[in-house]
Amino acid sequence: MSNQDKPVRVRFAPSPTGMLHIGGARTAIYNWAFARATGGTFVLRIEDTDPERSTEENTQIILRALRWLGLDWDEGPEVGGPCGPYFQTQRTETYEAALEKLIEAGAAYPCFCSKETLDAKREAAEKTEGGYAGYDRTCRSIPAEEAAARIAAGEPHVWRLKVPEDHGPVTFQDAVYGDMSFPIDVMDDMILRRTDGTFTYNYAVVCDDVNMGITHVIRGDDHLSNTPRQVLVYEALGAEVPMFAHLSMILGADGKKLSKRHGATNVEEYRDRGYLPDALVNFLALLGWSLDGETTIIPPAELCRTFSLDRITKKHSIFDEKKLDWMNGVYIREMGAPAWVDVAKPWLAQANLDGSNVADGVTVVPTPTKEEAAAAAAELRVPGEGVDADTWEACLADVDDDHEFYEAMYPLVAERLAHLDEIPAKLAFLFWGDSVVLDEKSVQKVLLKEGARADEALAICRAILANDENPWDAEALEELCRAAGEEAGLKPKLLFQPLRVAVCGNMVSPPQFEAMMLMDPADIVARIDGVAQKVFN
RNA sequence: GUCCCCAUAGUCUAACGGUUAGGACGCGGCCCUUUCAAGGCUGAAAUACGGGUUCGAUUCCCGUUGGGGGCACCA
């Protein structure tokens, strides 16, 4: 039975050297979705063989990011499985065993060339015409007895793969690139085991993939050129070569490799900025893959039904945050109030905190310039930061205790949010009590506008809102105000905008009457009075 | 240096020899509207270039240009 007839087994194999990067996340998503779509198995393997950079903490960060994205693995850390251990550092015996096999079969040989000689040879070769063509195979011709003696004498050596002399071009199948073929003469005898006894990556991955029964290797295309080298190892091991699928790179908006200066490059930063995991998964899935070229909203569950390797693109793609924002908004609008409150809890608590900490009475604050506003939006603000733990806990608890109250905020902002961290700025006014923070520009353009009669507008609305015989109902109050305004010869805009500024502090706000339903009527009247006095007296 | 890969609007993509080159984000306009959104309608916007093959090329071949990746006792 060939690999292609066997049940699918795929793996995601991150190195725990930092955060889970956007590119890594997409690789994980494709592996996961492919496993789910085919009823296969998704294996998570940690490639922690670089002691310099690999840490336990980083492993945890990556697992946490995968969990947040909703990518569950069938075998791997924490869940175990029949092919463990799932950490490369714990698998050295398997590499040893495989190397023994290769040595026995005459497919590997010891090399006594020092790193220094090799480096010198390479440097010299690079200066000549033709350049460096790989290891010159000096040690290949050392007779077995001599080699054994030198090893026994303790001479430092590495083990190299003996590329077969009569091998034709190295070929393999790639679901994205099709049939690949590489000339054999550019393949040098790669090192399998280093002088210090550790094993090289290109050797270790193949051992692992063979021993874990991986049928499809889905990974970044930075490995495309390494693949023939690895295929040689599969062949030497007598193992079946899996199907590959190499994924093109994800670049920043300027077409350059994604890096810090592009803003967020790792998954948890998107979480912290209020993106929903489903939206991020949907978005990343579409970077290099399409369902039919038409469908853009593909929730994870749908992805797990429809994902296929044959619709992966070869071309690199650019990460367009604008589109992510749009897509996140779509998911926010579709998720419904209860789920929204749960996921938005930290930001709702922050809105409460921000609103409650406002100065007493009516204050006027300068309108931020475009640049200031953009800078503020770009800055990552972690909810609860700089607040004492007890206060913060209380704010969070308030969201749980008063879930329905917070759910009522959902229709106010659901169609106005690109990401959840915009919540505090949009909803803090609900928590002002009888105080108001007036935006300076709004005061000028609405309350103090020539001929606007804003003072009259406020008086008219105040009378209606203060009259407790009127039903406390958004639509009813709005209609009463509208009628009264009409009678006074005030167009809706001239009537309602002053009220909006007085109650919400800004000429731009969520629907004001619906918002007022979440506030204390007495506070609203107090705000109107306060503003009227501050601005008109 | 060498091997390999890529190329449809600003961006993500569809079209696997025959379409008025389709969809989505973004951008413009109109409608809706007390703000901002959301929503509806609508507009501008692409086959990198040059050669072939073919009755016919986005599609196949070659070249040019422009991008990217690998070639380590890193992963």
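The structure we're discussing is the one just above.
Every chain is numbered on its own, with residues counted from 1 as its sequence reads. In the order they appear in the text, chains get letters beginning with A and ligands get numbers beginning with 1. At least 70 in pLDDT is required for a residue's local features to be given in this predicted model, at least 80 for side-chain atom pairs to be given and counted, and no such filter applies to totals for whole chains, interfaces and linings, which use all residues. With hydrogens and water excluded, all non-hydrogen atoms of the structure serve as input to the side-chain values.

J.: Go over the packing of aromatic side chains, please, and point to the residues and values.
T.: Between the rings of Phe, Tyr and Trp (Trp by its six-membered ring), a pair exists once the centres lie within 6.5 Å; its type follows the angle of the planes, with under 30 degrees stacked, over 60 edge-to-face, and the other angles tilted. Applying the stated criterion across every chain yields a total of 16 aromatic pairs. Relative to Tyr 203, the ring of Tyr 95 has its centre 6.5 Å away and its plane inclined at 65°; by these criteria the two rings are edge-to-face. Residue Tyr 95 is found in helix α3 (residues 92-104), and its partner Tyr 203 is found in helix α6 (residues 201-211); the two are separated by 108 residues along the sequence. To sort residues, take the accessible area from a 1.4 Å probe on protein chains only and compare it with the maximum for the residue type: under 20% means buried, over 50% means exposed, and anything in between is partly exposed. The exposure class of Tyr 95 is buried, given its relative accessible area of 2%. What makes Tyr 203 buried here is its relative accessible area of 0%. Only DSSP runs of H or I covering at least 4 residues are called helices, and only runs of E covering at least 2 are called strands; the numbering of each starts at the N terminus.

J.: Give a detailed account of helix α1 (residues 22-38), specifying residues and quantitative values.
T.: Each residue after the first adds 1.5 Å to the expected span of a helix. Across its 17 residues, α1 extends 24 Å between first and last C-alpha, which sits within 8% of the 24 Å expected from 1.5 Å per residue. With respect to burial, α1 is a largely interior element, 13 of its 17 residues being buried. Count one or two residues on from α1 and you reach Gly 39, which has phi positive near 70°.

J.: Break down the nonpolar core for me, citing the residues and quoting the values.
T.: One recurring pattern in soluble globular proteins is that nonpolar side chains are buried together. Leu 284, Trp 340, Leu 348, Ile 423, Leu 427 and Leu 430 are the most contacted members of the largest nonpolar core, which has 116 residues in total. Working rule for contacts: check all heavy atoms of both residues, and any pair within 4.5 Å makes them a contact. Sequence-distant contacts of Leu 427, that is, excluding residues within four places in its chain, are made with Trp 340, Leu 348, Ala 351, Met 409, Leu 412 and Val 413. Remark: nonpolar core denotes a set of buried residues (Ala, Val, Leu, Ile, Met, Phe, Trp, Tyr, Cys) joined through side-chain atoms within 4.5 Å. Met 180, Met 190, Tyr 203 and Leu 224 belong to the second-largest nonpolar core, a separate cluster that totals 36 residues.

J.: Can you lay out the protein's contact with RNA strand B for me, pointing to particular residues and giving the numbers?
T.: Near RNA strand B lie 64 residues; those nearest to it are Ser 15, Arg 194, Thr 195, Glu 415 and Arg 416. Of everything in RNA strand B that lies within 4 Å of the protein, sugar and phosphate atoms constitute 70%. Here a polar contact is taken to be a pair of N or O atoms separated by no more than 3.5 Å, where protein atoms must pair a possible hydrogen donor with a possible acceptor and residues adjacent in sequence count only if both atoms sit in side chains. For RNA strand B, a phosphate oxygen lies 2.5 Å from a polar atom in the backbone of Gly 288. A distance of 3.2 Å is found between a phosphate oxygen of RNA strand B and a side-chain nitrogen or oxygen belonging to Arg 482. Of all the secondary-structure elements, those providing two or more residues to the surface near RNA strand B are α4 (115-127), β6 (178-182), α6, β11 (317-318), α11 (321-335), α20 (474-487), α21 (492-504) and α22 (512-516). Per-element tally for the surface near RNA strand B: the top contributor is α21, with five residues. Residues are sorted three ways: Asp, Glu, Lys and Arg are charged, Ala, Val, Leu, Ile, Met, Phe, Trp, Tyr, Cys and Pro are nonpolar, and all the rest, Gly among them, are polar. By residue class, the composition of the surface near RNA strand B is 19 nonpolar, 21 polar and 24 charged. Near is defined per residue: the residue qualifies when any heavy atom it owns lies within 4 Å of the molecule or strand.

J.: Kindly report on the sheet that holds strand β7 (residues 191-193), identifying the contributing residues and their values.
T.: By definition, the strands of a sheet pair up through backbone hydrogen bonds, in either a parallel or an antiparallel sense. Strand pairing is assigned whenever DSSP identifies at least 2 bridges connecting the two strands. Spatially, β3-β4-β7 is the arrangement adopted by the three strands of the open sheet, whose pairing is antiparallel. Here the strands that pair on one side only, and so sit at the sheet edges, are β3 (108-111) and β7. Shown here is a sheet whose adjacent strand axes are inclined to one another by a mean of 45°, direction ignored. Here β3 runs beside strand β4 (residues 158-161); their pairing, made up of four bridges, is antiparallel. Across the sheet, the residue bridging to Ala 108 is Leu 161, located in β4. Here, axes are lines fitted to C-alpha atoms. For helices the fit covers the stretch in contact, and angles between N-to-C directions go from 0 to 180 degrees.

J.: Can you break down the pairing of strand β8 (residues 216-220) residue by residue, with the values?
T.: A large share of β8 lies buried, amounting to five of its five residues. The sheet contact formed by β8 and strand β9 (residues 243-247) spans five bridges and is parallel. Among the inter-strand pairings, Gly 220 is bridged to a residue of β9, identified as Leu 247. Read from β8 through helix α7 (residues 227-237) to β9, the crossover connection turns out right-handed. Crossover handedness is defined by viewing with both strands directed away from the observer: a clockwise path from the first strand over the helix to the second marks the crossover as right-handed.

J.: Lay out a positive patch on the surface with the relevant residues and their values.
T.: Each patch is built from residues lacking any salt bridge and having more than 30% relative accessible area; the joining distance is 9 Å for like charges and 5 Å for nonpolar side chains (Val, Leu, Ile, Met, Phe, Trp, Tyr). For the area figures, the Shrake-Rupley method with a 1.4 Å probe applies, and any residue is considered shielded solely by the protein chains shown. The working definition used for a salt bridge is a side-chain nitrogen of Lys or Arg within 4 Å of a carboxyl oxygen of Asp or Glu. The positive count covers Lys and Arg only, the negative count covers Asp and Glu only, and His and the chain ends enter neither. In this description, the location of a charge corresponds to atom NZ of lysine, CZ of arginine, CG of aspartate or CD of glutamate. A surface patch of like charges, here positive, comprises Lys 370, Lys 441, Lys 445, Lys 449 and Lys 493. Overall, Lys 493 belongs to the exposed group, its relative accessible area being 65%.

J.: Requested: an account of the pattern of salt bridges, with residues and values cited.
T.: The tally for this structure, following the rule as stated, stands at 28 salt bridges. For the salt bridge of Glu 321 with Arg 273, the shortest nitrogen-to-oxygen distance reads 4.0 Å. Of the two residues, Glu 321 is situated in helix α11 and Arg 273 in the loop between α8 (267-272) and α9 (277-285); the sequence distance between them amounts to 48 residues. On the accessibility criterion, Arg 273 (14% relative accessible area) is buried. As a salt-bridge pair, Glu 456 and Arg 453 come within 2.9 Å of each other at their nearest N and O atoms.

J.: Can you lay out unusual backbone geometry for me, pointing to particular residues and giving the numbers?
T.: Cis geometry marks the peptide bond from Gly 84 to Pro 85; its omega dihedral reads -5°. Within the element layout of this structure, Pro 85 appears in the loop between α2 (56-69) and α3. The phi torsion at Arg 137 lies on the positive side, around 65°, for a residue other than glycine. As for its position among the elements, Arg 137 is in the loop between α4 and α5 (144-152). Arg 137 sits in the partly exposed class, given a relative accessible area of 27%. Despite not being glycine, Arg 453 has its phi angle at roughly 55°, a positive value. Structurally, Arg 453 can be placed in the loop between α18 (440-447) and α19 (454-466).

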